[in-house]
Structures are given as structure tokens and as C-alpha cells.
Amino acid sequence: MRFQFKPFSIALTVMLALVLCASAAGGASAQTATVARADTVIFDIDATSIASPTNFNWLVPGTNRNQGAHQSMLEPLFILNYETGKIQPWLGTAFTPNATQDVWTLTLHDGIKWSDGVPFNADDVTFTIQLLLDDKTQTLNYAADMQHWIKSVKKIDDKTVEFDLKAANPRFQLDYFSVRIWGSVDILPKHIWQGQDPTTFTFYDTAKGWPIGTGPYKLVSAAPTQFTWDLDPNWWGAATGFHALPEPKRLIWLIAGSEQNKALLMSQHQLDSAMNVTLGAFQAIQAKNPNVIAWKATLPYTWADPCPRELEFNTEQAPFSDPNLRKAIALLIDRTSNIKIAYQNTTTPSSTIFVSYGGMQPYIDAITKAGYAADAVAHVSDGQKLIEAAGYKLNGNGLYEKDGKTLDLNILVVNDTTEYTRSNNEIIEQLQKAGVNATSQPVNGATSTSANNTGNFQAQWAWNTCGSVNEPWFSLNTLNVSYYVPVGKIASGDFVRWNTDGAKAYSKIVDQIGSLPLNDPSIPGLVAQAYKYISAETPVIPLVQAEKLVPFDTTYWTGWPSATNNYNHPATWWNSTFQIILNLHKAKSS
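Fair warning: this is a prediction, and the values are worked out from it, not measured in the lab.

Conventions adopted
Residues numbered from 1 in each chain as written. Predicted model: local features only at pLDDT ≥ 70, side-chain atom pairs only at ≥ 80, totals over all residues. Heavy atoms only, no water. Salt bridge = Lys/Arg side-chain N within 4 Å of Asp/Glu carboxyl O. Helix = DSSP H or I, 4+ residues; strand = E, 2+ residues; numbered from the N terminus. Buried < 20%, exposed > 50% of the residue type's maximum accessible area, 1.4 Å probe, protein only. Core = buried A, V, L, I, M, F, W, Y, C linked by side-chain atoms within 4.5 Å. Contact = heavy atoms within 4.5 Å. 1 Å grid on protein atoms, 1.4 Å probe; cavity = no way out; pocket = protein on both sides within 12 Å on 5 of 7 lines; lining within 4 Å. Points joined across faces, edges and corners; volume = space filled by probe spheres on them. Pairing = 2+ DSSP bridges. Axes fitted to C-alpha atoms, helices over the stretch in contact; angles between N-to-C directions. Disulfide = S-S within 2.5 Å. Expected span 1.5 Å × (residues − 1).

Engineer: Quick rundown of the pattern of salt bridges? Include the residues and the values.
Structural biologist: As enumerated under the stated definition, the model contains 13 salt bridges in all. Of the charged contacts, one joins Lys262 and Asp44 as a salt bridge, the two residues approaching to 3.1 Å between their closest N and O atoms. Of this pair, Lys262 sits in helix H8 (residues 259-267) while Asp44 sits in strand S1 (residues 40-44), placing them 218 residues apart in sequence. Note on accessibility: Lys262 and Asp44 belong to one class, buried. Here Asp230 and Arg250 are joined by a salt bridge, their closest N and O atoms 2.5 Å apart. One end of the pair, Asp230, is in strand S9 (residues 226-231); the other, Arg250, is in strand S10 (residues 250-254), with 20 residues separating them in the sequence. In this structure Asp230 comes out as buried when scored by relative accessible area, which is 13%.

This is the structure:
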């Protein structure tokens, strides 16, 4: 399908005007500064809207952080470098375990300050962790994880924090404090948060200068479709010699809307970074703006995002509470068709829930050798036999029916990105042709998050087993029964509500894997044993790898990450975006 630019709409014209106005004047709350377009970097937000644009309380599930908050303001303790495999220091300089890996000691960088000038120290770290440990509801982000692992946390001195764990955890730093994927436990300023209700506090008050962070930018304005951040010349990093001030004077994150709108903005140099576009859109952009680059210089241009796509069931909702019906759906799906039609051959099929990185290959191989890997092609007749064994017969409309009711499958999908809806729609077509009355329910990100957390869905096109990048435990543990809560209550894991005897047997093996050192030789075999239960009961169906085509415009800014300039990956929506911003340099022509 050939991508075509649509004529300018009034809405897009207004959007362009707003972006230019923001770059020149700084928005409603910052009328004193004038910033040229050549000093401004404009990023895309993959969303249709931000429901609560002035809520910067990341503790509450569903609160947006990738509108610039955790890319320019909330700095991480450490950053996992995907290209080197090493954990790089940021606010932290070291995080070391004892010999038994059940006591971890964090050391902080010298001279860190919050943007209001108050020193950042161990008090802020212990306060943040204790806040999560005290959440009896376990509904705050990371509360369940912190309570699962941490016995106590204490300040040794202003630069040192000690974590006493309930059990050995060799992955403690990687999993929670190193931006392994997307975000991490962002530390909160104790002098502002102390005494606040963490479930309702929004961390926003322009008169008090909130929100604040330790990052090199401060919030200027927040609106449902646009966020503006200005350079803080007093950033601790420059003051201590950690890194020179970044060159961009202003950062804007905006919701560009449809893929056509993104393409138009980028072709006219009014969007420097888009989160994800299709191959056709990228080629159309390049035809009009040859300064646009991607991770790879040639086809397929993409970067391998660590969150493979999958179909996830609410395993407690009939009729797909029947594992044989879930397995039938898995057999009906042809991944090669989805890749060809929805992805224009820019990705590859998933055979397991894992990302196909080199470090994950031993575990993928073990699952494949054991016979539990998903086939790339469909086996429609086998899937239909399972449906018919459950008492369904094809009716005159070519749909399976039992007791006068068709076999319905409603799949929830986030409508923020063309990739998501296009892939889901193609799967819907496959299932309908095979006799399943499948429908798509596109929703915005906030609605999807709420449905996911409460179990208010029949099935969803998502990536909730995402997590492992160099070891298998994290992804496997997302389905652990220890996270199980009934539908209607807020879950922090096991969103598919998998709580069968098989799920419990699976979780025991996963717990065993979690207690072993990284790269222990017994882990691949244990992974295969655990995966037997995923294969047998099919709470999730692996679909395709998440290859993302992330375009960057070099008209105003150079230094964007690429396969040849690979200081780290190109995910500008992650907590590691600080690295990208610090590597940007003004183009000579600008």
C-alpha cells in the first residue's frame, strides 16, 4: 500500500502554528523567553491525548511520563546501554551487592541538586523507596515489586543507601534502577513529597515551580497536546563536570496526531523526532525531506524494540477461559501474513514471548528444542478442530456458533499508533475468515491502561510480558501468580489473571530461576520447563517482533543515534533519552 500525503487540514495548520508560537514565545506560562526554531527540538508523543496533562505523579498507574518528564526532568540512577550491554552511571555511581546478593549498596554522584537548588541525597532515595514499601494497597507503580524484594532500606550517609533484601536477587539493579525498558524507579524530592497523599498528589503548582527534577530542563507549559521544557543553566551535571550543558535551549513534546500529520510536520522540518512510522510513511517523508534518517540507512531502516507484540487473554472470562479455545486462536494466526500486510515486511515473527536479541537466544533455543515454540504460519484446520471439539459448529454466515451464540472475540488495542491498529485489524480479518467473530476495540492509552490493570477486557493486542533483554526471568515473572488479583481489582502483574494449577506450577519454576545467578547453566532447561505451561494453557500468544521505524530530522540537529552512531538505542520515549539530548549538536546549516 502506497503512502499518500493528505492535504493540510485546518487542525494541522493550527497545530503547526502552535508549535511555531511555542518555539518563539514559550507558551502561556513563559512569556519572557524567546527561543528560535534552530534552538528547539520537537519530539512526537505517540498518543491521541494526555488525559491529565498537569499530573506529574508517576506513582499512579496511567500517569504519563514520556511527555518529556522522564526524558528531560526525572533523571534515572543508571542506564542500561543496549549497544554495549553495560550499565552506565547517572545519578548513581555504583550499585554493588554483597557476596550473597541480598544486600545492595547504592552510591550517589557528588553535587546533585534538584532544580529548585535543594541538594539531592540519600534522604530522597530512602524516602521514595519507603513510600512504596508503605503502600498497603500495592497499587502504586513498583510498590508490589519493592515489597516483594526489599526487607528494609536505610541511609548510610548522604551519598550511600543500603538495601536489605528478603532473598538474593542478582537482577535488582538491572530490573528496577537501570532503565532496562522504558522507565525505572524515579526518585522523588522528599522536601516536596513528604506529607503528601501519594495517590492524589499531582506534583504540579506553577506558583511553587512544580514539578521539579534533577534533569537539565524545567517545565514551561503543559497542555493536553503539547509540553514545553526549557534549559536550566544551573543543572548539576554542568556544575560538577559530569557533562556540559545540552545544546538545545528548548524541548517540545507534542501529539502530532495521525501518521499523515506526523509525515507532514517532519517533511516541513516541524518535527525532529517521530516515535514510530510505517515504511511507506518514512519513504514519503524522505522523498520530501532528504535530511531525515533512521536507525539503519537501508531497508528495513528499523530498530528492534524489546517489547514483542502479543495477543493477551483475560483467562477468567468465558468462553476463552477454556485453554483449548485460546490455543485454537493461536493456531489460526499466520504471523507471516501479518508481517507482510501490516508491517510491509519490516519485522520478523515471534516464536516465544521473548525479544530476539542475541542474549536471549539460548532461552529461545531451549523452548524451541522442547517443542513449545510458536510456528510462523497458521494451522487453521487444527485450530478449527479444537473449536469444534468445544461444541461449536459453523453457521450459515461462516461463523462458529454454539447454543445460538457465535464465538465472539473482542480485542482491545491502543489507537495511538498506526502499527498497533493495522496489525490488530489484519489479525481480526484472519480470525473472521477462520470462523471466529473477532472485533477490534481501539481505545486511547489511558483507557487501555485502566482496562489492563483491572482485567476489564476479553483480549488485548499488547506487550505486557515485555521486560527481558539479556536474561529470561523478568518476562517470565510478569505471569507469576504472586501478582494475581481478581478481575476488578488493580493488578501490578499477571494482567491476564492466570491462576490455574498450571500457572502455579509455572510460577514455582520462575521463582527458582529468579534465585539463580545470571547465566547459570541450568536456566535454559528451567525456562523450557516453565514454558511448557504457557504452551499448554496459552494465556498469551506471541505475534511478531517489535521492529520500530524511528525517523530523525537532521536539518536543525545532528548526533541522533543510529546503527553507525550507536552510543545507545533511539527510543526517545524512554527514561534514557537524556543520553540522546546530551549528544545533540546544532547542524551547521541551521
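Engineer: Describe the nonpolar core, and please don't skip the residues or the numbers.
Structural biologist: Ranked by size, the top nonpolar core spans 115 residues in total, and within it Ile129, Met146, Phe163, Phe172, Tyr176, Phe177 and Trp229 carry the most contacts. Among the elements that make up this core, the one with the highest residue count is helix H3 (residues 122-133) (7 residues). Sequence-distant contacts of Phe172, defined by excluding residues within four places in its chain, comprise Phe95, Trp104, Trp149, Ile150, Phe163, Leu165 and Phe177. Core analysis: the next-biggest nonpolar cluster, separate from the first, contains 31 residues, Leu332, Ala342, Val414 and Ala438 among them.

Engineer: Let's hear about empty space enclosed by the protein: which residues, and what values?
Structural biologist: In this structure the tally under the stated criterion is 2 cavities of 30 Å³ or more. What the largest cavity holds in volume is close to 110 Å³. Every residue lining the largest cavity is counted, 13 residues in all, and those nearest its centre are Asn276, Val277, Thr278, Tyr343 and Thr346. If you add up the space inside the second largest cavity, you get close to 40 Å³.

Engineer: I'd like to hear about the sheet that holds strand S16 (residues 408-414), residue by residue, with values.
Structural biologist: Spatially, 5 strands are ordered S17-S16-S18-S12-S19 in an open sheet, and the strand pairing comes out mixed. The strands lining the two open edges of the sheet, one partner per strand, are strand S17 (437-443) and strand S19 (540-548). The mean inter-strand angle of the sheet, taken between neighbouring strand axes irrespective of direction, is 20°. Note: strand S12 (residues 303-313) against strand S18 (residues 459-462), 4 bridges, orientation antiparallel. Looking at the pairing, Glu310 lines up with Ala462 of S18. Its contacts with the sheet place helix H15 (residues 445-454) against S12, S16, S17 and S18, and it is angled at close to 125° to S16.

Engineer: Quick one: what's the story with the environment of Arg326, residue by residue and with numbers?
Structural biologist: By the element assignment, Arg326 lies in helix H10 (residues 323-332). Separated by 214 residues in sequence, Arg326 and Val540 place their C-alpha atoms 8.3 Å apart. Sequence-distant contacts of Arg326, defined by excluding residues within four places in its chain, comprise Phe313, Thr315, Phe320, Ser321, Glu537, Thr538, Pro539 and Ile541.

Engineer: Tell me about the environment of Ala451, residues and numbers included.
Structural biologist: Structurally, Ala451 is set in helix H15. Expressed as a C-alpha distance, the spacing of Ala451 and Gly398, which sit 53 residues apart in the sequence, is 31 Å. Ignoring any residue separated from it by four or fewer positions in sequence, one finds Ala451 in contact with Leu412, Asn456 and Phe457.

Engineer: Let's hear about the state of the cysteines: which residues, and what values?
Structural biologist: One pass over the full model with this rule turns up 1 disulfide. Between the sulfur of Cys307 and that of Cys466 lies a disulfide, 2.0 Å long from S to S. Within this pair, whereas Cys307 is found in strand S12, its partner Cys466 is found in the loop between S18 and helix H16 (473-477), the two being separated by 159 residues in sequence. As far as the burial class goes, Cys307 and Cys466 line up, both buried.

Engineer: Outline the side chain of Ser184, supporting the account with residue identities and numerical values.
Structural biologist: With respect to the secondary-structure elements, Ser184 resides in the loop between helix H5 (172-177) and helix H6 (190-193). What makes Ser184 buried here is its relative accessible area of 1%. Leave out the neighbours within four places in its chain, and Ser184 touches Arg65, Pro76, Tyr142, Tyr176, Phe177, Ser178, Val179 and Asn575.

Engineer: Quick rundown of the sheet that holds strand S5 (residues 103-108)? Include the residues and the values.
Structural biologist: In sheet architecture, strand pairing relies on hydrogen bonds along the backbone and comes in two forms, parallel and antiparallel. Spatially, S4-S5-S7-S6 is the arrangement adopted by the 4 strands of the open sheet, whose pairing is antiparallel. This sheet does not close on itself; its edge strands, each paired only once, are strand S4 (92-97) and strand S6 (150-157). The average angle at which neighbouring strand axes cross in this sheet is 15°, direction not considered. Where S5 lies against strand S7 (residues 160-165), 5 bridges are found, and the strand directions are antiparallel. What sits directly across from Val103, in S7, is Asp164.

Engineer: Lay out helix H18 (residues 523-537) with the relevant residues and their values.
Structural biologist: Counted at 1.5 Å a residue, the expected span for H18 with its 15 residues is 21 Å, and the 22 Å between its end C-alpha atoms agrees. Of the positions making up H18, those classed as buried are Ile523, Leu526, Val527, Ala528, Ala530, Tyr531, Ile534 and Glu537. Its buried side turned inward, H18 meets H10, helix H12 (361-369), H16, helix H17 (501-514) and S19. Positive backbone phi, approximately 50°, marks Thr538, located one or two places after H18.

Engineer: Tell me about the pairing of S6, and name the residues and values.
Structural biologist: Bridge count between S6 and S7: 6 bridges; the pairing is antiparallel. Each residue of the ladder has a partner; that of Lys155, found in S7, is Val161. Taking the residues between adjacent antiparallel strands as the criterion, S6 and S7 are bridged by 2 residues.

Engineer: I'd love a proper account of the environment of Thr96, names of residues and values included.
Structural biologist: With respect to the helices, strands and loops of the structure, Thr96 is situated in strand S4. Given a relative accessible area of 44%, Thr96 falls into the partly exposed group. The spacing of Thr96 and Gln173 is 77 residues in sequence and 8.5 Å in space, taken between C-alpha atoms. Excluding residues that lie within four positions of it along the chain, Thr96 makes contacts with Val103, Trp104 and Thr105.

Shape is all these values report; function is a separate question.
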